[in-house]
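The residues making up each chain are set out below.
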Amino acid sequence: ESDAGDYTCVCGDKQSTASLAVHALPVVFKGELKNEEGQEGASVSLHCELSKAVPVQWKVGSKVLKASDKYEMRQPGTTAELVIHDLETKDA
C-alpha cells in the first residue's frame, strides 16, 4: 500500500505521469489458534499466524483483553501471541 502514488517518467523537457493504486489483500490465518490446557498457577501461550503483520485484538467471550500482569500480548511479525499468567479455573 505504501507504493501507491503518482509516478513520473522524465526525458529532457518531456514527461509522462501515471497513478498507481494498490489494493490490499485480505488478511487470512495461516495458522489458527489451537486448544490448550494448563495447570492452575502456571502460564499458557496461545498463538496464531497471519498472512501479513497487522494489529490484532484478543478477546475472551465478548470482553476485549488489555495488556496487564495477567495478559501479555506479543506480535513479532506475522505471529500474534497471548500469554495468560497465573492461570485460575475462571480462565477456562
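Here the structure is a predicted model, which means the values were calculated and not measured. (Residues numbered from 1 in each chain as written. Predicted model: local features only at pLDDT ≥ 70, side-chain atom pairs only at ≥ 80, totals over all residues. Heavy atoms only, no water.)

1. Considering the sheet that holds strand β8 (residues 79-84)
Right, on to step 1. As summarised here, the arrangement of the 4 strands in space is β3-β4-β8-β7, forming an open sheet in which the pairing is antiparallel. Of all strands in the sheet, those bounded by a partner on one side alone are β3 (29-31) and β7 (71-74). The mean angle between the axes of side-by-side strands here comes to 25 degrees, regardless of whether they run parallel or antiparallel.
Right, on to step 2. With 4 bridges joining them, β7 and β8 adopt antiparallel strand pairing. Its bridge partner lying in β8, Met-73 is registered against Leu-82. (Pairing = 2+ DSSP bridges. Helix = DSSP H or I, 4+ residues; strand = E, 2+ residues; numbered from the N terminus. Axes fitted to C-alpha atoms, helices over the stretch in contact; angles between N-to-C directions.)

2. Structural notes on the UniProt feature "domain: Immunoglobulin I-set" (unreviewed entry) in the protein
Right, on to step 1. The feature "domain: Immunoglobulin I-set" (unreviewed entry), as given by UniProt, occupies residues 28-92 in the numbering adopted here.
Right, on to step 2. Structurally, residues 28-92 is divided into 0% helix and 37% strand, and its ends, taken at the C-alpha atoms, are 26 Å apart. (UniProt positions renumbered as here; feature names shortened; annotations may be inferred.)

3. Observations concerning a nonpolar patch on the surface
Right, on to step 1. Residues Tyr-7, Leu-20 and Val-22 make up a contiguous nonpolar surface patch of about 260 Å² in total accessible area.
Right, on to step 2. Considering the arrangement of structural elements, one finds Tyr-7 in strand β1 (residues 5-11).
Right, on to step 3. For Tyr-7, a relative accessible area of 45% corresponds to the partly exposed category. (Patch = residues over 30% accessible without salt bridge, like charges linked within 9 Å, V, L, I, M, F, W, Y side chains within 5 Å. Areas by Shrake-Rupley, 256 points an atom, 1.4 Å probe, with all protein chains shown as cover. Salt bridge = Lys/Arg side-chain N within 4 Å of Asp/Glu carboxyl O. Buried < 20%, exposed > 50% of the residue type's maximum accessible area, 1.4 Å probe, protein only.)

4. Looking at unusual backbone geometry
Right, on to step 1. With phi around 50 degrees, Asp-86 is a residue other than glycine that occupies positive phi space.
Right, on to step 2. Mapping Asp-86 onto the fold places it in the segment after β8.
Right, on to step 3. Classification of Asp-86 as partly exposed rests on a relative accessible area of 47%.

5. Quick word on the environment of Ala-24
Right, on to step 1. In this fold, Ala-24 is placed in the loop between β2 (14-20) and β3.
Right, on to step 2. The exposure class of Ala-24 is partly exposed, given its relative accessible area of 43%.
Right, on to step 3. Counting along the chain gives 11 residues from Ala-24 to Asn-35, while the straight-line C-alpha distance between them is 31 Å.
Right, on to step 4. Once residues lying within four places of it in the same chain are set aside, the contact partners of Ala-24 are Glu-1 and Lys-52. (Contact = heavy atoms within 4.5 Å.)

6. Quick word on the pairing of strand β4 (residues 44-50)
Right, on to step 1. Covered by surrounding structure in β4 are Val-44, Leu-46, Cys-48 and Leu-50 only, the residues Ser-45, His-47 and Glu-49 on the alternate face being uncovered.
Right, on to step 2. Of the pairings in the sheet, the one linking β3 to β4 comprises 2 bridges and is antiparallel in character. Opposite Phe-29, over in β4, you have Leu-50 as the bridge partner.
Right, on to step 3. Sheet analysis places β4 next to β8, joined by 6 bridges and oriented antiparallel. Across the sheet, the residue bridging to Glu-49 is Thr-79, located in β8.

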